Amino acid sequence: MSVGTLDRRGVWIAVVAYVAWGLMPLYWHLLKVVPSLQIIAHRVVWSALFVCGWLGLKYGRSWLRDTLARPHAAPMLALSGALIAFNWGLYIWAVNAGHVVESALGYFINPLLNVVLGVLVLHERLNRVQWAAVAIAALGVLWLTRNYGSFPWIALALAISFGSYGLVRKLLGAPPVRGLGVESLFLLLPALAFLLWAESSGQGHLLAHGQTPAWGAGVIGLLVFGGVLTALPLIGFAAAVQRIPYSLVGLLQYISPTLQLLMGVLVLGEPFGRERAIGFGFIWIALALYAGEGLWRSRRRG
C-alpha cells in the first residue's frame, strides 16, 4: 500500500484508539487496591463477554466458525491473544507500581518498531522526509534509553509485545472485532480459573473473607467497565491496521505515550527532568515532521 493514498477514516479510528490508551493510566490507577494479575483476569473475562455477546447478537453462532475458517487463524489468534495479555499485565503492574513514565517510553519505542516491521516484513515504502522523521525519533529514543538511569526493561518489553501483536493481526487480516472475540475466548478459561482460585484462596475480594471486607460495588463496577474500555480501543486499533500503512500506524501511536507521559508527570507526580525532556523533544519533532509531510502530500493530491 502506498503511504500517499490514505484512508482518512482509518486514520481517525487510530487517533481515537490512541487517545483512549493515553488516558488509560488514570483509570487503572483507580484500581490500585486490586492486584495486577486479577485486574488482567477481569479485563479478559468482561471484555470477552462484551465482545462475544455483541458478535453473537449481530452474526449469530456462525461468527466463530467463519473466523477460524481462515488459514492459520487459530494458532495466530492464540499467539496474538497471549501477546496482548502479557502486554496488559506488564502495563497495569507498571502503572500501579509508579512506572507510568517508563511505560510511556515503551510506547514511544513501539512506533519505531512498527515502522521497521512495516518496511522489512510488509515491504512498505517511506520517502526521504519520512525516513528523516524516523531517524530523529530514533535519536530521541536512544537518548532516553542512555539517560534513563537504569536499563528500561519495562519499556522494551511493552514495545516488543505490542509491536508483535499488531504485526500478527496485520498478517492474519481477520475482521477486527471477530479476531478480538477469538483472542478473548482463548484467554477466557485461564482467566476464570485464576479468578476462582484467587477467591477460594482468600486473595480475591469480590466477596468478603472473614474479617477482610469485599472491595465494594465501586471497585467491582470499575473492573466490569474495564472490559469495555479494553475492547473498544483494541477494536479500533485492529480496524486501523487493516486500513492504513503499518508504518503510519507506528507514527500515529506517539499520541498515546505523549498523553501517558502527561498523566504520569502532571497528575501522578512522577519525575521528569531535563534529560527526559530532551529525548521526548526529539520524538515530538519527528512526529510533527512526519505528520506535516503527510498533510502536505494529501493537500497536493487534493
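The shown structure was predicted, so the numbers you read here are calculated from the model rather than taken from an experiment.

Engineer: How do you make sense of the overall build of the chain when you look at a structure like this?
Structural biologist: When its secondary structure is counted, the chain shows twelve helices and zero strands. Scanning the chain from its N terminus toward the C terminus, one meets helices and strands in the order α-α-α-α-α-α-α-α-α-α-α-α. In terms of overall size, the chain behaves like a compact globule, its C-alpha atoms giving a radius of gyration of 20 Å where 302 residues would be expected to give roughly 19 Å. With the principal axes as the frame, the chain shows a C-alpha extent of 65 × 50 × 30 Å. Each of the 302 residues in the chain was classed as buried or not, and the buried ones make up 51%. Look at the contacts in the chain between residues 6 or more apart in sequence, and 86% of them connect residues 24 or more apart. Counting only carbon and sulfur atoms, one obtains 69% of the accessible surface of the chain, whose full area is about 14,000 Å². Mean positive and mean negative side-chain charge positions of the chain (21 and 9 charges, respectively) differ by 10 Å.

Engineer: Whenever I open this one, the packing of aromatic side chains confuses me. Can you help?
Structural biologist: For any two aromatic rings, the description comes down to two numbers: the centre-to-centre distance and the angle of the planes. In total, this model carries 14 aromatic pairs according to the counting rule given. Aromatic rings pair up to connect Y18, W21, Y91, Y107, F162, Y165 and F237 into one cluster. It is R178 that lies over the ring of Y59; its NZ or CZ is 4.0 Å from the centre.

Engineer: Hey, could you run me through the packing of helix α4 (residues 73-96) against helix α7 (residues 153-172) in this one?
Structural biologist: In helix packing, the relevant descriptors are the interaxial angle and the interaxial distance, both defined with respect to the helix axes. Interhelical geometry of α4 versus α7 gives an angle of 155 degrees and a closest axis separation of 9 Å. Relative to α7, the element α4 lies roughly antiparallel. The crossing of α4 and α7 is left-handed. For the contact of α4 with α7, a count of residues per class yields 20 nonpolar, four polar and one charged.

Engineer: How should α7 be read in this particular structure?
Structural biologist: Given 3.6 residues to a turn, an α-helix orients residues that are three or four positions apart in the same direction. Counted at 1.5 Å a residue, the expected span for α7 with its 20 residues is 28 Å, and the 29 Å between its end C-alpha atoms agrees. Once α7 finishes, G173 follows within two positions and takes phi at roughly 70 degrees, a positive value.

Engineer: Sorry, what's going on with the side chain of S36 here?
Structural biologist: Here S36 shows up in helix α2 (residues 36-59). Overall, S36 belongs to the buried group, its relative accessible area being 16%. Residues contacting S36, with those up to four places away along its chain left out, are I92 and W93.

Engineer: Sorry if this is basic, but what is going on with empty space enclosed by the protein here?
Structural biologist: Where empty space is left becomes clear once a probe the size of a water molecule has been rolled over the atoms. All chains considered together, the criterion is met by one cavity of 30 Å³ or more. Here the largest cavity defines a volume of roughly 170 Å³. Forming the boundary of the largest cavity are 15 residues, of which W21, N87, Y91, Y107 and F162 lie nearest the centre. If you list the elements that add at least two residues to the lining of the largest cavity, you get α1 (8-29), α4 and α11 (255-267). Looking at the lining of the largest cavity residue by residue, the class counts come to ten nonpolar, four polar and one charged.

The rules we used
- Residues numbered from 1 in each chain as written.
- Predicted model: local features only at pLDDT ≥ 70, side-chain atom pairs only at ≥ 80, totals over all residues.
- Heavy atoms only, no water.
- Helix = DSSP H or I, 4+ residues; strand = E, 2+ residues; numbered from the N terminus.
- Rg over C-alpha atoms; globule rule 2.2 N^0.38 Å.
- Buried < 20%, exposed > 50% of the residue type's maximum accessible area, 1.4 Å probe, protein only.
- Contact = heavy atoms within 4.5 Å.
- Areas by Shrake-Rupley, 256 points an atom, 1.4 Å probe, with all protein chains shown as cover.
- Lys, Arg positive; Asp, Glu negative; His and termini not counted.
- Charge placed at Lys NZ, Arg CZ, Asp CG, Glu CD.
- Phe/Tyr/Trp six-rings, centres within 6.5 Å; stacked < 30°, edge-to-face > 60°.
- Lys NZ or Arg CZ within 6 Å of the ring centre and 35° of its normal.
- Axes fitted to C-alpha atoms, helices over the stretch in contact; angles between N-to-C directions.
- Parallel < 35°, antiparallel > 145°, perpendicular 65-115°, else oblique.
- Left-handed = near helix turned anticlockwise from the far one by under 90°.
- Nonpolar A, V, L, I, M, F, W, Y, C, P; charged D, E, K, R; others polar.
- Expected span 1.5 Å × (residues − 1).
- 1 Å grid on protein atoms, 1.4 Å probe; cavity = no way out; pocket = protein on both sides within 12 Å on 5 of 7 lines; lining within 4 Å.
- Points joined across faces, edges and corners; volume = space filled by probe spheres on them.

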